[in-house]
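Examining the three-dimensional arrangement
Now for the letters of each chain:
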Amino acid sequence: MTGSRRFRSTFLRFLPRPVRATALSAGALAACASLTAGCGAIPGATGGSVDGPIKVMTWAPQDTDATNKPGMPAMARAYGKWINSHGGIHGRRLEILTCNDHNDSVGAARCARRAATEGAVAVVGSYSQFGDSFLAPLESAGIPYIGGYGVTNDEFTGTMSYPVNGGQPALLAGLGRALAAACGPVSLVRPDSIAGDQLPALLDSGLKAGGHAPAGDQLAAENATEYGDQAEQALRYATRGTDRAPVKGLTGAAAAPAGQQARKGCVVPALGDRTDTFMDSFRRTRDDYPSVRTATVLGSVDQSVINATGGAAGPYEGAYITGWYPPASDRRWKPMKRVIDEEAFGDNRIDPADAGVQTTWIAYTVLRAALEKIGTGEVSADTVRRTLDGGLKVSTGGLTPSLRWPYASRLAALGLPRLVNADVTLQVVRGGELVEAERTRGSGIDGITDMTSTLENADLD
């Protein structure tokens, strides 16, 4: 994310997709329009028939040295098997195509072109960090992108994108709201990059809403192999007294209000794939300082990471973590778990507590609602897209608010016109497990909380 390096972390890009991609997309759509009434009806490109299987694609990186999300395509296959074992959708089978983008922009574009070539009517429940590479080919073919992971800003700006969660903006604003009541000084450790520059404003929007001073802003190289200096500076800031000057290298309030000083300080690493690297350094450094609390967001940490770093004995025990959905123990996940038990029992790639698996489940819930609305008519990328654009309201059984995608959401002024679900939940690592945080008066987040109003006040200039 710095220099000429490609975007490789789970942080949002808050810059528009390149004009080049937009121009290519518009040109392709114009050419398509000259050949047919709509790209969605081109045989072999968008699956526009009234019989035969309905093809959709799910992609995610697998077998890479960086982020891997094998549970997402595995969950998609399990869902397809379950639908087909129960008679399909209006008698039609669901054919699940999967693709590995290899955490690479070329791979992401290749998956998108394959979706068009093989006649997918939608790309559903997928993960890729390269929105500027895959959205243009999808738009050229008129293929909707339903329920991406929310990892790139493009997913909240593209007109053919239908996100089901609030991405990093909602998570950071929610984390700020939660920490405002729980923490003394808050130190944010984030990438020294254009995308990282947006993170303090999002966290501070939540802190401000809770009457808290801004977080200390600690910059770090996103590709570092060790973060000892950053961990020490973050700890010094989070444990400082009101009479001490700001720590060198940090920006933010010189001193928190006295009431905040009485509470334990908090360190918030938001380094995407490098959060674990930071926590290794943090664990070695923290014994030399007063006790602090840690907190972060899903995408930087999930249950699989907690398990891999020692569970209850690891560095995340006691940490606050904001997520998009209820904890995996919530009864609202029972339908998903039933599908996993019936169609993928023993498949250790599918963890019901993984946010990627959960997002894929919700995305396929949206797809199913759209297909059932279409009924026995033509199923194509065009008809799926028009159904979603036509005001379809999708219930996800309480896992999210009812989902609907108007032309522009309330957050359009923030540059996120497709962000329609800003709900967050507050979780805590207890006994090595992510569980719902206890509801306490004045916590800032009580159960599922909508961050739309908080985000509307974020200063991203």
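First things first, this report covers the structure right here in the doc. (Residues numbered from 1 in each chain as written. Predicted model: local features only at pLDDT ≥ 70, side-chain atom pairs only at ≥ 80, totals over all residues. Heavy atoms only, no water.)

**Let's talk about the state of the cysteines**
Taken as a whole and assessed by the stated rule, the structure comprises two disulfides. Note that Cys183 is cross-linked by a disulfide to Cys266, the S-S spacing being 1.9 Å. When the S-S torsion is -80°, as for the bridge of Cys183 with Cys266, the disulfide is left-handed. Of this pair, Cys183 sits in the loop between α5 (167-182) and β6 (186-191) while Cys266 sits in strand β9 (residues 266-269), and the two are 83 residues apart along the sequence. A relative accessible area of 0% means that Cys183 is categorised as buried. By relative accessible area, Cys266 is classed as buried at 1%. (Disulfide = S-S within 2.5 Å. Helix = DSSP H or I, 4+ residues; strand = E, 2+ residues; numbered from the N terminus. Buried < 20%, exposed > 50% of the residue type's maximum accessible area, 1.4 Å probe, protein only.)

**Focus: helix α3 (residues 105-117)**
For α3, with 13 residues, the first-to-last C-alpha span of 18 Å sits near the 18 Å given by 1.5 Å per residue. Listed as buried for α3 are Ser105, Gly107, Ala108, Ala109, Cys111, Ala112, Ala115 and Ala116. Where α3 is buried, its residues contact β1 (54-59), β2 (94-99), β3 (123-124) and α4 (131-141). After α3 finishes, the residue Gly119 shows a positive phi value of roughly 80°. (Expected span 1.5 Å × (residues − 1). Contact = heavy atoms within 4.5 Å.)

**Quick notes on the packing of α5 against helix α6 (residues 199-209)**
Packing of α5 against α6 brings their axes to within 6 Å, and their N-to-C directions diverge by 40°. Considered as vectors, α5 and α6 are oriented oblique to each other. By crossing handedness, the relation of α5 to α6 is classed as right-handed. Contacts between α5 and α6 involve Pro169, Leu172, Ala173, Leu175, Gly176, Arg177, Leu179 and Ala180 from the former and Leu199, Leu202, Leu203, Ser205, Gly206, Leu207 and Ala209 from the latter. (Axes fitted to C-alpha atoms, helices over the stretch in contact; angles between N-to-C directions. Parallel < 35°, antiparallel > 145°, perpendicular 65-115°, else oblique. Left-handed = near helix turned anticlockwise from the far one by under 90°.)

**Notes on the environment of Pro185**
By the element assignment, Pro185 lies in the loop between α5 and β6. Exposure remark for Pro185: the relative accessible area of 2% places this residue in the buried category. Distance from Pro185 to Lys264, taken between C-alpha atoms, is 7.7 Å for residues 79 residues apart in sequence.

**What to know about the pairing of strand β7 (residues 216-220)**
Most of β7 is tucked away, with four of its five residues classed as buried. Note that β6 and β7 share five bridges and pair parallel. Looking across to β7, one finds that Val189 is bridged to Gln218. After leaving β6, the chain enters α6 and then returns to the sheet as β7, a path that is right-handed. (Pairing = 2+ DSSP bridges. Right-handed = clockwise from strand over helix to strand, strands pointing away.)

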